[in-house]
Amino acid sequence: MRNRYAGEPFTTTDSEIAAALEHLSIPTLLLSCVHITGDPRFIRDFRQNGIFLNEIEGFMSEDDKARARAEALPVIVDYRDRGCPQPAPLPAGLVKEMMDWAACEIVPDAYLGLLAEELDLEGRDPRSPAPLEPSRAAELPVVVIGCGESGVLAGIRLAQARLPFTIIEKNVGAGGTWWENDYPGARVDVANHFYCYSFEPNNGWGHYFAEQPELRAYFGDLVAKHGLEEHIRWGTEVTDAVWDEETGTWTVTTRCADGAESTVTARAVITAVGQLNRPHLPDLEGADTFAGPAFHSAAWDHSIDLTGKRVALIGAGASGFQIAPAIAEKVAQLTVFQRTAQWMFPNPMYHDVVADGVRWALEHLPFYGRWYRFLLLWPGADKGLEAARVDPDYPDQDYAVSEINALARQMFTGWITDQVGDDQELLAKVLPDYPATGKRTLQDNGTWLSTLRRDNVDLCRDPIRRITPHAVQTEDGALREVDVIIYATGFRHTEVLWPMRVTGRAGTDLHALWGNRPYAYLGITVPSFPNFFLLYGPGAHLAHGGSLIFNSELEMRYIDACLAKLADEGLHSIEPSTQAAAEWHRATQAAIAQTVWAHPSIKHSYFKNADGEIHTVSPWRLDEYWSAVREPDWSQFVITQGVSS
Ligand code: NAP
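Just so it is clear, the model here is predicted, and its values are computed rather than measured. (Residues numbered from 1 in each chain as written. Predicted model: local features only at pLDDT ≥ 70, side-chain atom pairs only at ≥ 80, totals over all residues. Heavy atoms only, no water.)

1. Looking at the overall build of the protein
(1) Moving on: For the protein, the count of helices and strands is 21 helices and 21 strands.
(2) Moving on: Taken over the C-alpha trace, the protein has a radius of gyration of 26 Å; the compact-globule value for 645 residues is 26 Å, and the two agree within 12%.
(3) Moving on: In the protein, which comprises 645 residues, the proportion classed as buried is 57%.
(4) Moving on: In the protein, the share of contacts with a sequence separation of at least 24, taken over all contacts with a separation of at least 6, comes to 73%.
(5) Moving on: For the protein, the exposed area adds up to about 25200 Å²; of that, 51% sits on carbon and sulfur atoms.
(6) Moving on: Each charge class in the protein was averaged separately, 54 positive and 87 negative side chains, and the resulting centres sit 1 Å apart. (Helix = DSSP H or I, 4+ residues; strand = E, 2+ residues; numbered from the N terminus. Rg over C-alpha atoms; globule rule 2.2 N^0.38 Å. Buried < 20%, exposed > 50% of the residue type's maximum accessible area, 1.4 Å probe, protein only. Contact = heavy atoms within 4.5 Å. Areas by Shrake-Rupley, 256 points an atom, 1.4 Å probe, with all protein chains shown as cover. Lys, Arg positive; Asp, Glu negative; His and termini not counted. Charge placed at Lys NZ, Arg CZ, Asp CG, Glu CD.)

Below, the structure is given as C-alpha cells:
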C-alpha cells in the first residue's frame, strides 16, 4: 500500500509545476527532492545560512532559491513521467542529516524520538493504540467530557482501541473553543500545518493561521470521518462525576439544555474540557446597569450590528487583539480598555492565504507536508522556552531574565517603536513594562498598531472605575459614552474543571483537594481519583510555544496505555500515588518559579491565580514532557486488582 504521505500521483503540466514552485517553501521543496531522488545533494548543495528559520523561504539568497527551483523542476517532471512511484525509504542517517539541515543546527538526540513520531515518514501513526481484545474492551466503557480538540482526539483513539465510549459535549457541534469563539477576526495563532493532528494533516488549509470557521470545520469533518457521531451526546453538560469504589465505576450526571438530567455509568472518565472554555467576566461596579448590549468575546451576540455604534472593548489579550482590527472599520468609535500592554511577535504571514501552488505541493510532493510540519515545529516549539527560563546570573532582572530574553525584548520593542514613530503618547501606552514573553506573546502583522492609530479608535490604559447605564467611567473620572460593551476578558483558566463537581475515593471532592492549587501527576492523573484522566490538565498549558494538539496526542497515548492495562489485566482501578503526584507538582512548581511568567513585575496574567501563583502551565521543554509521558511508570501508581461487580 502506498505510504499516505508519499503524495497523490499527478499529471500536472510542466508550466503548472513551475508556477507552483514559485510559492513553495524552498527548504521543504529540497527535502522533498531528496525523497524523490534519494540524492542528498539537494541539501548538501544548498546550505541554509539562518540561525532561525523562515518556514517559507529559508534564509537563502535569491540566486540560491532560483537555482533550487530550477534544479527541482526536472526532478519533479521526471517523477511525474515515471508515474509518481513511491519513493524508497531513506537511511536513518540521511533523515537525521535532513533534520539538522532543516533546523539549521544539530538537532539534539533527546528530540529524535519525538521528531520521528511527528514526521512519521513511514505513515503508520505511531501514537495510535493497538485494538484491545474485544471481550476485555467491552468491560471498560469510557466517558469523555468535551468534544473540542482533545475530546475529538480521545474519541478517535478510543475507537481505534475498540473501547466502548460516550462523548458528552455541552455545545451542539465539535471544536470546543473553535466552536464557541466565532467573534470577528478569530483565528489561531499557532501555524496550522502544525496545529492539526499529526495523523490528520489538512492539505487544504486556506490560511497559514486559519480563521475560526475553517478550524471548526476541521474538527467537525473528523468527527464524521472517524464515525464518532454515534458516540456523542450533543447539547449536554456534565455537572457531576462520582466514583463508586465498590463497583469500580463512575456515575456521570448530565444536564440537557431543557434542564433534564440523566446519568451515564462508566469504568473510566477522561476530561477534555480545555482550560480556556469558561468565560471570565470582570466584577465591575455597575456592569449590570448598562443599558445597551454587552457580551463576552466567546459568546458573541451576532444579532447586534456594530455598524456606526460606539463600542467599548474591555480587555485586549489574544481575543481583543483580534477583535479590534476586525471591527474598527465599521464602528463609529472604538475604545479599547487595556489594563496591561502586551508583547507581540512580528509575524508578517499572520493573515496570509495559502497559495494554490502550496496546496498542490502538500497534496502531491512526497513528504512535503511532513517536512513543512517539521519546519514549523522546530522554531515554534522550545525556542520560546529558552527565552522564558531565568538565568540567575543575568544582571538586569528587571529588564530581562536572560540574554536571549533581552534579545527578544529588543526585537519586540523595535517592532513596536518602528510602527509608532514619533507618537510618544501612544508609545507610552503600548510598550509593555515587563520582560518579554512574560505573558502569552501575541502574533502580529502590524494590524494592531495600525488599528490603534485610526481616528475612530482610542486606547485607554486608565483603570475602569465603574460602568454606568450609558458609559464606561475610568479612575480619572472621565466618562466614555458607548452603545455596546464587548468583554474580551478571557477565561477562568486557573479554575480547572470548574464548574463540574468531581467526587473521588472516600467522597474526596476534587476542588476541595485542589483549592486554588490544581495539580495532577504529569498533568493527567490525580490521587484518590481512580480511573480518572485529564487531557490538558493542570501543568499542561503551553505558554512558550508548541501546540496543544501535540500535547494532547502525547497525553492520550499515555491514557490509552492506562486503559489497556485496566482492560487487559481486568483491574479494578489505577490512580497515581500521592507521592508521585506531589513530587511532580513540586518539580513543576520549582521549574515555573524559574520562568519569566512568574516575574514579580507581572501583576496580571491569566496564568496567575489570586495568590499570584502559577499552577496551570507547563514549564517543560517538549522533549522533556514527551519523555515523561511516553509510557506509564507503574511503580508510581496505586493499582487495585480485580473488577468488582
Ligand atoms: P486573556 O489573554 O486572558 O486577556 C484578557 C484581557 O482582559 C486582558 O487584556 C486582561 O488584562 C483583561 N482583563 C481581565 N480582567 C480584567 C479586569 N477585571 N479589568 C480590566 N481588564 C481585565 O484572554 P483572551 O484574550 O480571551 O485569550 C486567552 C487565551 O485564549 C490566549 O492566550 C490563547 O491561549 C487563547 N486564544 C487564542 C487565540 C488564538 O489562537 N489566536 C485567540 C483567542 C484566545 P490583563 O492583561 O491586565 O490581565
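2. Considerations on the site of the ligand
(1) Moving on: In the neighbourhood of the ligand, 25 residues make up the surrounding shell, with R187, A318, S319, T340 and K439 lying closest.
(2) Moving on: Interatomic distance of 2.8 Å between a backbone N/O atom of A318 and an oxygen atom of the ligand.
(3) Moving on: Taking K439, its side chain carries an N or O atom lying 2.7 Å from an oxygen atom of the ligand.
(4) Moving on: When the free accessible area of the ligand is taken as 900 Å², the share hidden by the protein chains comes to 88%.
(5) Moving on: Sorting elements by how many residues they give to the shell around the ligand places helix α11 (residues 318-327) first, with three residues.
(6) Moving on: Here the shell around the ligand is built from residues that sort into 11 nonpolar, nine polar and five charged.
(7) Moving on: When residues of the shell around the ligand are assigned to domains, at least three fall in each of domain 2 (134-278 + 493-586 + 612-640) and domain 3 (287-343 + 439-487). (Near = heavy atom within 4 Å. Polar contact = N/O pair within 3.5 Å; in protein donor to acceptor, adjacent residues only side chain to side chain. Nonpolar A, V, L, I, M, F, W, Y, C, P; charged D, E, K, R; others polar. Domains from an automatic or database assignment.)

3. As for the packing of helix α5 (residues 92-103) against helix α13 (residues 368-381)
(1) Moving on: Their axes nearest at 10 Å, the elements α5 and α13 cross at an angle of 50°. In this view, α5 runs oblique relative to α13, as classed from their interaxial angle. Once α5 is placed against α13, the crossing between them reads as right-handed. Here V95, M98, M99, A102 and A103 of α5 lie close against α13, whose contacting residues are W371, F374, L375 and W378.
(2) Moving on: A class-by-class count of the residues in the contact of α5 with α13 yields nine nonpolar, no polar and no charged. (Axes fitted to C-alpha atoms, helices over the stretch in contact; angles between N-to-C directions. Parallel < 35°, antiparallel > 145°, perpendicular 65-115°, else oblique. Left-handed = near helix turned anticlockwise from the far one by under 90°.)

4. Here's the deal with the domain arrangement of the protein
(1) Moving on: In terms of domain boundaries, the protein breaks down into domain 1 (14-126 + 357-376), domain 2 (134-278 + 493-586 + 612-640) and domain 3 (287-343 + 439-487).
(2) Moving on: The C-alpha centroid of domain 3 is placed 33 Å from the C-alpha centroid of domain 2.
(3) Moving on: On the side of domain 3, 12 residues touch domain 2, which itself brings 10 residues to the contact.
(4) Moving on: Interface area, domain 2 with domain 3, both sides summed: about 1000 Å², of which 48% is carbon and sulfur.
(5) Moving on: Ranking the residues of domain 2 by area buried against domain 3 places Y183, P184 and D189 at the top, with a combined share of 55%.
(6) Moving on: At the junction of domain 2 with domain 3, the criterion picks out one salt bridge.
(7) Moving on: With a closest N to O distance of 2.8 Å, R440 and D189 form a salt bridge.
(8) Moving on: The interface formed by domain 2 and domain 3 includes four residue pairs in polar contact (both at pLDDT 80 or more).
(9) Moving on: Of the residues contributing to the side of domain 2 that touches domain 3, the split by class is four nonpolar, two polar and four charged. (Buried area = accessible area lost by both parts, 1.4 Å probe. Salt bridge = Lys/Arg side-chain N within 4 Å of Asp/Glu carboxyl O.)

5. Things to note about the environment of F529
(1) Moving on: Following the sequence through the fold, F529 ends up in the loop between α18 (510-514) and β19 (532-534).
(2) Moving on: Classification of F529 as buried rests on a relative accessible area of 1%.
(3) Moving on: Expressed as a C-alpha distance, the spacing of F529 and V457, which sit 72 residues apart in the sequence, is 50 Å.
(4) Moving on: Dropping the residues within four chain positions of it, F529 is found in contact with W250, V502, T503, G504, T508, D509, L510, L513 and E575.

6. Some words on the sheet that holds strand β1 (residues 142-145)
(1) Moving on: Spatially, β3-β2-β1-β7-β19 is the arrangement adopted by the five strands of the open sheet, whose pairing is parallel. Strand pairing shows two members of the sheet lacking a second neighbour, β3 (232-233) and β19, which therefore form its edges. (Pairing = 2+ DSSP bridges.)

7. A short note on the packing of helix α2 (residues 26-37) against helix α4 (residues 62-81)
In a packed pair of helices, the relevant descriptors are the angle between the two axes and the axis-to-axis distance.
(1) Moving on: Two elements in contact, α2 and α4, have axes whose closest approach is 10 Å; the angle formed by their N-to-C orientations is 35°. Classified by chirality, the crossing of α4 by α2 is left-handed. When α2 is examined against α4, the residues I26, L29, L30, C33, I36 and T37 are found in contact with a partner set consisting of K65, A68, R69, A72, V75, I76 and Y79.
(2) Moving on: Of the residues contributing to the contact of α2 with α4, the split by class is 10 nonpolar, one polar and two charged.

8. Looking at the pattern of salt bridges
(1) Moving on: If you walk through the whole model with that rule in mind, you get 39 salt bridges.
(2) Moving on: Among the ionic pairs, E200 bridges to K225, the shortest N-O distance being 2.9 Å. Note that E200 is positioned in the loop between α9 (177-180) and α10 (212-225) and K225 in helix α10, a separation of 25 residues in sequence.
(3) Moving on: Accessibility expressed as a relative area gives 7% for E200, which makes it buried.
(4) Moving on: For the salt bridge of E569 with K565, the shortest nitrogen-to-oxygen distance reads 3.0 Å.
(5) Moving on: Judged by relative accessible area, E569 falls into the partly exposed class, the value being 42%.
(6) Moving on: In this structure K565 comes out as buried when scored by relative accessible area, which is 14%.
(7) Moving on: Salt bridges here are not isolated pairs; linked through shared partners, they connect E117, E118, R127, R373, E553 and R557.

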